[in-house]
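Inside the fold
Here is what each chain is made of, one letter per residue.
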Amino acid sequence: MLHILQVGKPKFNDNCLLNFHYDLISRPRTTLQKIKPYNKDLCLQANYKFVVFDPGDYTLISMDPDNMLQWEDIMCVKYLFMGLEDHRDNVHFLKEVEDAQRIYRTMINFFERANLPNVTEENRKRILCFIIFGGGPISMEFAIGLHGFVNKDLAELYPTLKDLVKITLLEVGDHILNIFDKRIIAFVEEKFQRDHIHLKTRSLVVEVIDKEISTKERGTGETLSVPYAMVVWLTSIGTRPIIMDFLKQHGQTDRRALATDEWLRVEGCVNTYALGDYAMINQRKFM
């Protein structure tokens, strides 16, 4: 999460989600190179949408899908699946402070609905079923934070509903936190087990319907239905427009994060501090 505090101006809040990468389309190939069998699970399929910044002419790129985009022009990568537009009220993204407020209001609404006396036990369990999609650090932080919010804050207001809440984290890869040390991965997985946060890896969301998410299990190809009340989608990348504008205003256009000194003061600004995923400390060289 990024917090920019500027004296005399409003506070902003943002976060940077997963980095997205893929292999080059064309590679040099020699006659001695062994051709690997086709594996569709390793391919970037057409259900990804690249969102680029407004300035720029993308006519040639849109005409030929094999043309490569410049990475600095990409604002985010969206994974598209059937039913998203029809159920956007229950599918949330977490990029700005307004998104967090919307998630908070939605959760309170679900708890109020589940607390009504005429709601059956089965419906209560479905209303209190929350899905998180993504296996990066922001997803881990959000899942653990959501668990704490339910079991500490909301448990005082709705003590009879605490044990009915189910938090599930879906990840399309084989493991969560792939870029981190195995000991960190093991610690987080053990933490999830202790907190009863359900972790499902190798699960690809293929469709969202009214009360269920359809997932396709990698390896087996089996399609499963997962009930949900709210989905939080945490697989996207890109510097937010407010940060890009801030970088341009202060002459840091060659960067994707705000440069600060060791006291978190933004370079080129007065009384402005930054910390988080969109901030990077320029360490002094002592030798």
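Before reading further, recall that the structure is shown in the block above.
Residues numbered from 1 in each chain as written. Predicted model: local features only at pLDDT ≥ 70, side-chain atom pairs only at ≥ 80, totals over all residues. Heavy atoms only, no water.

**Observations concerning the sheet that holds strand S6 (residues 129–133)**
Ordered in space as S5-S12-S6-S7-S8, the five strands form an open sheet in which the pairing is parallel. For this open sheet the edge positions go to strand S5 (91–93) and strand S8 (197–201), each flanked by a neighbour on one side alone. Taken pair by pair, the neighbouring strands of this sheet meet at an average axis angle of 20 degrees, ignoring direction. (Pairing = 2+ DSSP bridges. Helix = DSSP H or I, 4+ residues; strand = E, 2+ residues; numbered from the N terminus. Axes fitted to C-alpha atoms, helices over the stretch in contact; angles between N-to-C directions.)

**Quick look at a nonpolar patch on the surface**
A surface patch of nonpolar side chains, amounting to about 300 Å² of accessible area, comprises Ile179, Phe180 and Ile184. If you trace the backbone, isoleucine 179 turns up in the loop between strand S7 (166–171) and helix H5 (182–195). (Patch = residues over 30% accessible without salt bridge, like charges linked within 9 Å, V, L, I, M, F, W, Y side chains within 5 Å. Areas by Shrake-Rupley, 256 points an atom, 1.4 Å probe, with all protein chains shown as cover. Salt bridge = Lys/Arg side-chain N within 4 Å of Asp/Glu carboxyl O.)

**A short note on the environment of glycine 148**
Within the secondary structure, glycine 148 is located in helix H4 (residues 137–157). The sequence separation of glycine 148 and aspartate 195 amounts to 47 residues, and the corresponding C-alpha distance is 9.2 Å.

**Focus: the pairing of strand S12 (residues 230–233)**
Side-chain alternation along S12 places Met230 and Val232 on one buried face and Val231 and Trp233 on a second face that is also buried. Inspection of the sheet shows S5 paired to S12 by three bridges, in the parallel sense. Looking at the pairing, phenylalanine 93 lines up with tryptophan 233 of S12. Where S6 lies against S12, four bridges are found, and the strand directions are parallel. Its bridge partner lying in S12, phenylalanine 133 is registered against tryptophan 233. (Buried < 20%, exposed > 50% of the residue type's maximum accessible area, 1.4 Å probe, protein only.)

**A few points about H5**
A rise of 1.5 Å per residue sets the reference length of H5, with its 14 residues, at 20 Å; its end C-alpha atoms lie 20 Å apart and thus fit the reference within 8%. Within the span of H5, buried status applies to Ile185, Val188, Phe192 and Asp195. Taken around the axis of H5, the buried residues stretch over an arc of 100 degrees, which confines them to a single face. Looking at H5, the residues exposed on the side facing more than 90 degrees away from the buried face are Lys182, Arg183, Phe187 and Gln193. A side-chain oxygen of the first residue of H5 lies 2.8 Å from the backbone nitrogen of arginine 183; this N-cap is aspartate 181. Looking one or two residues past H5, histidine 196 carries a phi angle of roughly 60 degrees, positive in sign. (Expected span 1.5 Å × (residues − 1). Arc of directions from axis to C-beta. Polar contact = N/O pair within 3.5 Å; in protein donor to acceptor, adjacent residues only side chain to side chain.)

**Focus: the sheet that holds strand S9 (residues 203–208)**
Pairing in this open sheet of three strands is antiparallel, and the strands run S9-S10-S11 from one edge to the other. In this open sheet, the two edge strands, each paired with only one partner strand, are S9 and strand S11 (223–227). Going across the sheet, the axis of each strand differs from the next one's by a mean of 35 degrees, ignoring polarity. Pairing analysis gives five bridges linking S9 to strand S10 (residues 212–217), with the strands arranged antiparallel. Of the residues in S10, the one forming a bridge with serine 203 is glutamate 217.

**Some remarks on H4**
Across its 21 residues, H4 extends 29 Å between first and last C-alpha, which sits within 8% of the 30 Å expected from 1.5 Å per residue. Valine 150 marks the point of greatest bend in H4, at about 30 degrees. On its buried face, H4 sits against helix H2 (97–114), S6, S7, H5, S8 and S12. (Bend = angle between axes of the 7 residues up to and from the residue. Contact = heavy atoms within 4.5 Å.)

**Notes on the pattern of salt bridges**
For the structure shown, the criterion picks out six salt bridges. Here arginine 218 ties to aspartate 174 by a salt bridge, and the two come within 3.6 Å at their closest N and O atoms. You can see arginine 218 sitting in the loop between S10 and S11 and its partner aspartate 174 sitting in the loop between S7 and H5, a full 44 residues away along the chain. Assessed through its relative accessible area of 37%, aspartate 174 is described here as partly exposed.

**Section: the environment of isoleucine 108**
Along the polypeptide, isoleucine 108 turns up in helix H2. Each C-alpha atom of the pair isoleucine 108 and leucine 154 lies 8.5 Å from the other, and the pair is 46 residues apart in sequence. Those residues in contact with isoleucine 108 that sit more than four places away from it in its chain are Leu154 and Tyr158.

**Section: unusual backbone geometry**
Unusually for a residue other than glycine, histidine 196 sits at a positive phi of about 60 degrees. Of note, histidine 196 is situated in the loop between H5 and S8. Using a relative accessible area of 63% as the deciding quantity, one classes histidine 196 as exposed. The backbone phi angle of arginine 202 is positive, close to 60 degrees, even though this residue is not glycine. Assignment of secondary structure puts arginine 202 in the loop between S8 and S9.

Honestly, it's all geometry; don't read function into it.
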